[in-house]
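Each chain, letter by letter, is given below.
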Amino acid sequence: GPKVLQIPSHQIIDMGQMVTLNCDPVSNHLYFYWYKQILGQQMEFLVNFYNGKVMEKSKLFKDQFSVERPDGSYFTLKIQPTALEDSAVYFCASSLPNERLFFGHGTKLSVL
Amino acid sequence: GDQVEQSPSALSLHEGTGSALRCNFTTTMRAVQWFRKNSRGSLINLFYLASGTKENGRLKSAFDSKERYSTLHIRDAQLEDSGTYFCAAEAGTNTGKLTFGDGTVLTVKP
C-alpha cells in the first residue's frame, strides 16, 4: 500500500542545536501532518499543512517549531533551538481530502 | 479533556476465538480510524469509517457518530494478530487532527 517514509529513523542531538526531520509523503497526497509521541503516552497532533500553509496547530507546536514543503520535496519539521522536552518520536502522515491518514514509521529524536 | 476512551487496555485470546474492542467518544466525531502497531512500531491502517460498518477478512468495524462509539471485532484470532490496536477519531473540523485512544494490547495465544 501507500507508504510514508521518514528520514532518519533516529536522531541524537545536543540541546540548543537545530534539527530537521524529513518526511516523504505519499506522492498524490495533499494534506500533511506531524504527530508527537512521548514515551509511554498517546500520539498527539502537532500540525497539519495544506497548499503550502499551516492550517491548524496544537499547543504542542511551540514557536521553535516550523514546517515546510519546498517545491513538493520533503515535508519537514524543524526545531530550532531544541530543548530536552522535545525528545519524543515524531510521526509524519499524509492524506487525501476526507480520507484516511497514512503514517510513517516515526523518527525518534533524542535531545541530550 | 480526554475525548477518546478505548477499552479494554489489554486483551488475551486463544487462537480461533474472537472479541471486540471499543472506543467511546466524549464529543461528536466525524470519522474514526483503526490501526494496529506492529512489532517494529509501524502503524498499519485497518479501517477508516465516516459511518456504518466495514469488514475486511476476520476484522469488522462499526462507527456510530450519534451514539459516539466505534468498535473493532476480531474473529478467529491468529497468532499474527497480536499487537497494539488503536482507534483514532477526528472531530467535525475535517483537518486530519486525530485524537488517539490509549490502545489495546492484544495477545493471541496458541
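Refer to the structure printed above.
A few points on the structure. All figures in this text were calculated on a predicted structure; none of them were measured in a lab. (Residues numbered from 1 in each chain as written. Chains lettered and ligands numbered in written order. Predicted model: local features only at pLDDT ≥ 70, side-chain atom pairs only at ≥ 80, totals over all residues. Heavy atoms only, no water.)

With that settled, the discussion passes to the interface of chain B and chain A. With 19 residues of chain B at the interface, the matching set in chain A holds 17 residues. Overall, the association of chain B and chain A removes approximately 1,700 Å² of surface from exposure, summing both partners, and the carbon and sulfur fraction of that is 47%. Together, T95, K97 and F100 of chain B form the three largest contributors to the area buried by chain B at its contact with chain A, with a combined 28%. Counting every contact that joins chain B to chain A gives one salt bridge. Between E56 of chain A and K97 of chain B there is a salt bridge, with its nearest N and O atoms 3.3 Å apart. Counting across the chain B and chain A interface gives 10 residue pairs in polar contact (both at pLDDT 80 or more). Those elements giving two or more residues to the side of chain B that touches chain A turn out to be β4 (29–37), β5 (43–49) and β10 (98–100) of chain B. (Contact = heavy atoms within 4.5 Å. Buried area = accessible area lost by both parts, 1.4 Å probe. Salt bridge = Lys/Arg side-chain N within 4 Å of Asp/Glu carboxyl O. Polar contact = N/O pair within 3.5 Å; in protein donor to acceptor, adjacent residues only side chain to side chain. Helix = DSSP H or I, 4+ residues; strand = E, 2+ residues; numbered from the N terminus.)

What follows covers the pattern of salt bridges. Residues and elements named next belong to chain A. This structure, assessed with the given rule, holds five salt bridges over all chains. Its salt-bridge partner being K62, residue E85 comes within 4.0 Å of it at the nearest N-O pair. Of the two residues, E85 is situated in the loop between β8 (75–79) and β9 (88–95) and K62 in the loop between β6 (53–57) and β7 (65–68); the sequence distance between them amounts to 23 residues. When its relative accessible area of 23% is taken as the criterion, K62 is described as partly exposed. Bridged by salt links that share partners, the residues K62, E85 and D86 form one connected network. (Buried < 20%, exposed > 50% of the residue type's maximum accessible area, 1.4 Å probe, protein only.)

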